[in-house]
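Architecture at a glance
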Amino acid sequence: MNLPYNAFQLDQDPYEVRGFPHRLYIGGQWLPSSDGGLIEVTDPSSGAVIAAVPDATLEDAAAAVEAAAKAAKGWRETAPRKRSEILRRCFELMVERSETLAMLISLENGKAQRDARGEVAYAAEFFRWNAEEAVRITGEFGTAPSGTNRIVVDYQPIGICVLVTPWNFPAAMATRKIAPALAAGCTVILKPASETPLTADALAALYSEAGVPDGVVNVLTTSTPGPLTSAMLADPRVRKFSFTGSTGIGRALLAEAAKHVISCSMELGGNAPFIVFDDADLNAALDGAMIAKMRNAGEACTAANRIYVQSGIHDAFADGLSRRMAALKIGAGTRAETECGPMITRKAVDKIDRLVKDAVNRGAKVLCGGSVLEGDGFFYPPTVLSEVSPDADMAHEEIFGPVAPITRFESEAQAILHANNTEYGLAAYLYTRDVARGMRVASEIEAGMIGLNRGLMSDPAAPFGGVKQSGLGREGGQHHGIAEFMEAKYIAVTF
Ligand code: NAP
């Protein structure tokens, strides 16, 4: 089914989200690609094509860098208070439009409405938080140890930033970069994921309405991200590359950025352990597991990918989790009753299927779900596996779907060994009533973020990011997020 530009179909009812075009957004202009090419956007709940966006060329990428360069001086010289007020207006407009934005996210990404609403609220918070941070950027002043001079450190916007984001949080992954970059005084070019470009366009229209000057934010959609990103990073005016996506692509892009010695922030893949000790509050642990596993139907970098449960609580936990998972309502994300939407693509379903079959072949027991749902759309049912071998592929790869693999453990030391047996180090979850043990284990676990008796830790006010192969740098937090978009300039003064 091919619908014209700007038209969306929601379930059986014609549903149009008008008021913003789906074009390239360069220098404040909505443009087709220079060669007229298009990328189709698919509804993952049906497999139907719902819209098309321009397929940017190298020429378009050069125009976007040019527009960002043209706007750079004006934006960096805009008073912090003014920048702050514009960011605050972005927050307010996102809140006003939250229902429309959430529906758009559900439509192109597939996630359930409740997850999409949560994402919009989270994404908007980056504007509120960075509006507050924008007026609190300070420098340093001191006397050199030799006493010969004073040391002044000034923090300046790093320059033009290329931002590349994934499909799993089409709004939040963009605002988590754009808001601090703008607060710092930088101009940006955003390259959203090809599967979810419509949300990026809707947000670009909103920034413009909030008063973000032309050229400060530019949006390029493309089916050839490699050549376009390389070309932009090769432009000496580009000084920052901020990427969120898979570790494999991130590694290749770090090598690309290294050719030009560009500052990089890399938010990459995860393989979060979720550890439940015998003394945990069972219901709290189950509530936490449902959030950590099933937010976005498991399509989250922080998703609980391996669940380790101590012997004494194992059976009650496995039984409780299976009941809750089996009860979830599966369907199109745009339907109000849906609790578990489709996966993003057929390829994603095939990967989950492969991982589940591998675990079962190595002795795992299927407690619920466990096989691909036939029919239109890209659905995999909520699944719980027990007795999962630590050697199973899913213990080492991101499942990125609604599959909860449970492995039994006996001792605290064994739990820590399991948790750290991965190249990733993004997030980890611990459930125990013994806070001293919780803090001890948290300090032993190799991860950038720990949820202690909590299944959700994302917060614009806290530094988000990973260690090991999960990335470099932090987003959000006091100073951390903005610091990624600033450069220290030291001035030695004698007077
Ligand atoms: P991906 O395949 O790595 O793609 C991420 C982005 O990179 C997309 O915009 C993609 O564009 C682009 N891209 C792909 N190849 C590229 C290349 N050669 N040069 C430049 N850009 C390129 O990841 P994904 O499947 O979209 O997202 C899922 C992954 O992101 C998971 O690994 C997840 O853990 C990770 N993630 C991490 C965080 C975090 O904060 N640490 C948050 C969310 C997701 P196309 O769409 O056009 O391919």
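The model shown is predicted, which means the values in this text are computed figures rather than measured ones.

**Remarks on the overall build of the protein**
On a plain count of helices and strands, the protein comes out with 14 helices and 22 strands. Considering only C-alpha atoms, the protein reaches an extent of 70 × 65 × 40 Å along its principal axes. Going through the 495 residues of the protein one by one, you find that 57% of them count as buried. Of the contacts formed within the protein by residues at least 6 apart in sequence, a portion of 71% connects residues at least 24 apart. Accessible area for the protein stands at about 19,000 Å²; split by element, carbon and sulfur atoms hold 52% of it. Charge centroids of the protein, computed over 47 positive and 59 negative side chains, lie 4 Å from each other.

**Points about the site of the ligand**
Taken together, 31 residues lie near the ligand, and T165, R176, S194, S246 and E398 sit nearest. Between an oxygen atom of the ligand and a side-chain N or O atom of S194, the distance comes to 2.4 Å. Relative to its unbound accessible surface of 900 Å², the ligand loses 85% to contact with the protein. Looking at the shell around the ligand, the elements with two or more residues in it are α5 (172-184), α7 (225-234), β12 (238-244) and α8 (247-258). At three residues, the largest contribution of residues to the shell around the ligand is made by α7. Looking at the shell around the ligand residue by residue, the class counts come to 15 nonpolar, eleven polar and five charged.

**A closer look at the sheet that holds strand β7 (residues 140-143)**
Judged by pairing direction, the sheet is antiparallel, and its three strands sit side by side in the order β7-β8-β22 without closing on themselves. For this open sheet the edge positions go to β7 and β22 (486-493), each flanked by a neighbour on one side alone. If you compare each strand with its neighbour and ignore which way they point, the axes differ by 20° on average. Two elements, β7 and strand β8 (residues 150-157), share four bridges in a ladder whose sense is antiparallel. Bridging from a neighbouring strand, E140 pairs with V153 of β8.

**Observations concerning the packing of aromatic side chains**
Applying the stated criterion across every chain yields a total of eight aromatic pairs. Taking 5.0 Å as the distance between ring centres and 70° as the angle between the ring planes, the aromatic pair formed by Y122 and F126 counts as edge-to-face. Of the two residues, Y122 and F126 both sit in helix α4 (residues 113-134), four residues apart, roughly one turn of that helix. We classify F126 as buried; its relative accessible area is 2%. Taken together through their ring pairs, the aromatic side chains of F274, Y429 and Y431 make up a single cluster.

**Focus: the sheet that holds strand β14 (residues 272-276)**
Ordered by their spatial adjacency, seven strands build an open sheet running β16-β17-β18-β15-β14-β19-β20, and the pairing between neighbours is mixed. Across the chains shown, the open sheet's two edge strands, defined by having one partner strand only, are β16 (365-368) and β20 (449-452). On average, each strand axis in the sheet is tilted by 20° relative to the strand beside it, whichever way the strands run. Inspection of the sheet shows strand β15 (residues 304-310) paired to strand β18 (residues 403-409) by four bridges, in the parallel sense. Note that in β18 the partner of I307 across the bridge is I406.

**Focus on the nonpolar core**
Nonpolar side chains in soluble globular proteins generally cluster together in the buried interior. Formed by 115 residues in total, the largest nonpolar core has its most connected members in I178, F274, F317, L321 and M394. Leaving out residues up to four positions away in the same chain, L321 has contacts with L286, A289, M290, I307, V384, A404 and I406. A64, V162, L233 and A257 belong to the second largest nonpolar core, which has 25 residues in total.

**Some details on the packing of helix α3 (residues 98-109) against helix α6 (residues 197-210)**
The contact between α3 and α6 brings their axes to 8 Å, and the two run at 160°. The angle between the axes of α3 and α6 places the two elements in the roughly antiparallel class. Side by side, α3 and α6 meet where L101, L104, I105 and E108 of the first sit next to P197, L198, T199, A202, L203 and L206 of the second. Here the contact of α3 with α6 is built from residues that sort into eight nonpolar, one polar and one charged.

**Quick look at the pattern of salt bridges**
Per the stated rule, a full pass over the model turns up 30 salt bridges. For the salt bridge of R176 with E475, the shortest nitrogen-to-oxygen distance reads 2.4 Å. Placement of the pair is R176 in helix α5 and E475 in the loop between β21 (471-472) and α14 (480-483), with a sequence separation of 299 residues. D279 serves as the salt-bridge partner of R437, at 3.3 Å between the closest nitrogen and oxygen. Linking R437 in helix α13 (residues 435-444) with D279 in the loop between β14 and α9 (282-294), this pair joins segments that are 158 residues apart in sequence. Overall, the relative accessible area of 24% leaves D279 in the partly exposed class. It is possible to trace a salt-bridge network through shared partners that takes in R354, D358, R362, D393 and E397.

Calculation criteria
Residues numbered from 1 in each chain as written. Predicted model: local features only at pLDDT ≥ 70, side-chain atom pairs only at ≥ 80, totals over all residues. Heavy atoms only, no water. Helix = DSSP H or I, 4+ residues; strand = E, 2+ residues; numbered from the N terminus. Buried < 20%, exposed > 50% of the residue type's maximum accessible area, 1.4 Å probe, protein only. Contact = heavy atoms within 4.5 Å. Areas by Shrake-Rupley, 256 points an atom, 1.4 Å probe, with all protein chains shown as cover. Lys, Arg positive; Asp, Glu negative; His and termini not counted. Charge placed at Lys NZ, Arg CZ, Asp CG, Glu CD. Near = heavy atom within 4 Å. Polar contact = N/O pair within 3.5 Å; in protein donor to acceptor, adjacent residues only side chain to side chain. Nonpolar A, V, L, I, M, F, W, Y, C, P; charged D, E, K, R; others polar. Pairing = 2+ DSSP bridges. Axes fitted to C-alpha atoms, helices over the stretch in contact; angles between N-to-C directions. Phe/Tyr/Trp six-rings, centres within 6.5 Å; stacked < 30°, edge-to-face > 60°. Core = buried A, V, L, I, M, F, W, Y, C linked by side-chain atoms within 4.5 Å. Parallel < 35°, antiparallel > 145°, perpendicular 65-115°, else oblique. Salt bridge = Lys/Arg side-chain N within 4 Å of Asp/Glu carboxyl O.

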